[in-house]
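Residue strings, one per chain:
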There are 2 protein chains.
Amino acid sequence: MTEAPNKAEQILRVAERMARQGGYNGFSYRDIAKEVGIKAASVHYHFPSKEALGAALGRRYTERFLAGLGDPEDAEVSSSALLERYIGAFRRALVDEGQMCLCGLLGAEVAELPRPVAAEARHFFEKNIGWLSVVFARAPGERSPEQVRAAALQVIATLEGAMILARSLDDPQVFDAVTQGL
Amino acid sequence: MTEAPNKAEQILRVAERMARQGGYNGFSYRDIAKEVGIKAASVHYHFPSKEALGAALGRRYTERFLAGLGDPEDAEVSSSALLERYIGAFRRALVDEGQMCLCGLLGAEVAELPRPVAAEARHFFEKNIGWLSVVFARAPGERSPEQVRAAALQVIATLEGAMILARSLDDPQVFDAVTQGL
DNA sequence: CAGGATCTATCTAACGATTGGTAGGTAATT
DNA sequence: AATTACCTACCAATCGTTAGATAGATCCTG
């Protein structure tokens, strides 16, 4: 039996799903409350303001995403396997869950986000750059720190763009066509 | 003397600027009206509904963007110069204008957009794939139609992602670090 | 050519719905 | 007694949208 998660967790799950489809304005306290089975005012008990909820969403997403990637220093996994794992994480979100990367979407809207939310989107990318940089530093071939960072940035940009493209064209194969180049 | 553009044009300009910062929910009839110097109801005279305005925004953006790229068959410009021109179009939007690609942002939100708006975002990408496919078909080296299309998709995805990353990290140099790999 | 009709572009004033948020109460648990 | 987790009942602001009026330009007709 899967025991019911507490309300705060349910709120985060529902809000994340909505945010990953419509962005920061894609979820509202009332819509979340309705789906969780409480009243909108009760959502404010758990998350006092929308920007607090949005920031919590970003933080939680980043933590979960990185935890799912595992240790980039793990000597038992090759750097190329780690890169495939990274690509697979994006692919699963798109193909299996039919969802956009939360921070990719927030990143696109970053200019009009409350500061704490924008900061979480930024944090997601910084952590991702760090993870991939470890992987690329391990990969065969000489690379300066700048080259390592550039390689990481290129992979992230390509994957975020691939999700947007595949969703806009309503064709998941577009994602594979793009990532075959990585 | 630059003569004042008509109101419909002014509305489109203001709405586009707002949409490129905050997405489809980033512009409102009232905000547009205030900036243009008319009342919100008068905006409805020019664009009867928000989805019509959103679609007009996308169509106009696509036309202007493609016109700015020029003819991809132009024998006087090398394919590599055309690719640089394509990258430069995105770079200018980001660095000089401080704006996101309209259709990149709409594409990220595509799941919650009115159908006609989503269709325009899709149309933008289809046209871009077409333009780049002509360029890559001209480039030296043997490439199957599938490989040509994949190369086009990879470039577009990388550029859209590069804009998101550069804006999230608040560092335009990130764009250059990403595109140096193209 | 005068004058009525129509068209264009705007206005005021409102509509119902939705938004994030608050105050204050309540029942159960600690 | 205090805390937790909810509730009802609001609030002001904003949303897209509509109805109906108006002033000025343009057009058609007698």
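Figured I'd write up the structure that's included with this text. This structure is a prediction, so every number in the text was calculated from the model and none was measured.

### Overview of the pattern of salt bridges
All names here are of chain B.
- Under the counting rule described, the total for this entry stands at 20 salt bridges over all chains.
- When the shortest N-O distance is used, the salt bridge between Glu16 and Arg20 registers 2.9 Å. One end of the pair is Glu16 and the other is Arg20, both in helix α1 (residues 7-22) and 4 residues apart, which spans about a single turn. Side by side, Glu16 and Arg20 carry an identical accessibility label, which is buried.
- The partner of Arg59 in a salt bridge is Glu120, with the nearest N and O atoms 3.3 Å apart. Here Arg59, found in helix α4 (residues 50-69), pairs with Glu120, found in helix α7 (residues 115-138); they are 61 residues apart in sequence, far enough to count as distant.

### Some thoughts on the nonpolar core
- In terms of nonpolar packing, the biggest core is built from 138 residues, with Leu53 and Tyr86 of chain A together with Leu53 and Tyr86 of chain B touching the most fellow members.
- When near neighbours in sequence (up to four residues on either side) are disregarded, Tyr86 of chain A contacts Phe65, Leu69, Asn128, Trp131, Leu132, Val155, Ile156 and Leu159 of chain A.

### Description of the protein's contact with DNA strand C
- Lining the immediate environment of DNA strand C, one finds 18 residues, of which Lys50 of chain A together with Lys39, Ser42, Tyr45 and His46 of chain B sit closest.
- In DNA strand C, atoms within 4 Å of the protein come from the sugar-phosphate backbone in 55% of cases.
- Between DNA strand C and His46 of chain B, the relevant distance is 2.6 Å, taken from a phosphate oxygen to a side-chain nitrogen or oxygen of the residue.
- Put simply, the parts of the chain that give the surface near DNA strand C at least two residues each are α2 (29-36) and α3 (40-46) of chain A together with α3 (40-46) of chain B.
- Residue classes in the surface near DNA strand C are distributed as 6 nonpolar, 6 polar and 6 charged.

### Remarks on the relation of the copies chain B and chain A
- With an RMSD of 0.0 Å, the operation that places chain B on chain A is a rotation of 180 degrees combined with a shift of 0.0 Å along the axis. Both copies of the chain, as the preceding transformation shows, are related through a two-fold rotation axis.
- When the interface residues of chain B are mapped onto chain A, 97% of them again lie at the interface, so the same face is used by both copies.

### Focus on the packing of α1 of chain B against α4 of chain B
Residue and element names in this part refer to chain B.
- Put simply, α1 and α4 touch, their axes get as near as 10 Å, and they point 90 degrees apart. As the angle between them shows, α1 and α4 are arranged roughly perpendicular. Here Glu9, Ile11, Leu12, Arg13, Ala15, Glu16, Ala19 and Arg20 of α1 come into contact with α4, specifically with Leu53, Ala56, Leu57, Arg60, Tyr61 and Arg64.

### Comments concerning the packing of helix α7 (residues 115-138) of chain A against helix α8 (residues 145-168) of chain A
Residue and element names in this part refer to chain A.
- For the pair α7 and α8, the least separation of the axes is 8 Å and the interaxial angle reads 125 degrees. Regarding the angle of α7 to α8, the classification is oblique. Relative to α8, α7 is oriented so that their crossing is right-handed. Contacts between α7 and α8 involve Phe124, Phe125, Asn128, Ile129, Leu132, Ser133, Phe136 and Ala137 on the former and, on the latter, Val148, Arg149, Ala151, Ala152, Leu153, Val155, Ile156 and Glu160.
- Across the contact of α7 with α8, the residue classes tally to 12 nonpolar, 2 polar and 2 charged.

### Re the protein's contact with DNA strand D
- Lining the immediate environment of DNA strand D, one finds 17 residues, of which Lys39, Ser42 and His46 of chain A together with Arg30 and Lys50 of chain B sit closest.
- Near the protein, within 4 Å, the atoms of DNA strand D are sugar or phosphate in 54% of cases.
- Within the side chain of His46 of chain A, one N or O atom sits 2.6 Å away from a phosphate oxygen of DNA strand D.
- Backbone polar atom of Tyr29 of chain B to a phosphate oxygen of DNA strand D: 3.1 Å apart, as the coordinates give it.

### A few points about the interface of chain B and chain A
- Each partner contributes to the interface: chain B provides 39 residues, whereas chain A provides 38 residues.
- Here chain B and chain A share an interface that buries about 3,200 Å² over both sides, 67% of which is from carbon and sulfur atoms.
- Here chain B and chain A share 0 salt bridges between them.
- Of all elements in the fold, only α1, α6 (102-108), α7, α8 (145-168) and α9 (173-179) of chain B reach the threshold of two or more residues within the side of chain B that touches chain A.
- Residues that form the side of chain B that touches chain A fall into these classes: 18 nonpolar, 12 polar and 9 charged.

Calculation rules
- Residues numbered from 1 in each chain as written.
- Chains lettered and ligands numbered in written order.
- Predicted model: local features only at pLDDT ≥ 70, side-chain atom pairs only at ≥ 80, totals over all residues.
- Heavy atoms only, no water.
- Salt bridge = Lys/Arg side-chain N within 4 Å of Asp/Glu carboxyl O.
- Helix = DSSP H or I, 4+ residues; strand = E, 2+ residues; numbered from the N terminus.
- Buried < 20%, exposed > 50% of the residue type's maximum accessible area, 1.4 Å probe, protein only.
- Core = buried A, V, L, I, M, F, W, Y, C linked by side-chain atoms within 4.5 Å.
- Contact = heavy atoms within 4.5 Å.
- Near = heavy atom within 4 Å.
- Polar contact = N/O pair within 3.5 Å; in protein donor to acceptor, adjacent residues only side chain to side chain.
- Nonpolar A, V, L, I, M, F, W, Y, C, P; charged D, E, K, R; others polar.
- Least-squares fit on C-alpha atoms with pLDDT ≥ 70 in both.
- Axes fitted to C-alpha atoms, helices over the stretch in contact; angles between N-to-C directions.
- Parallel < 35°, antiparallel > 145°, perpendicular 65-115°, else oblique.
- Left-handed = near helix turned anticlockwise from the far one by under 90°.
- Buried area = accessible area lost by both parts, 1.4 Å probe.

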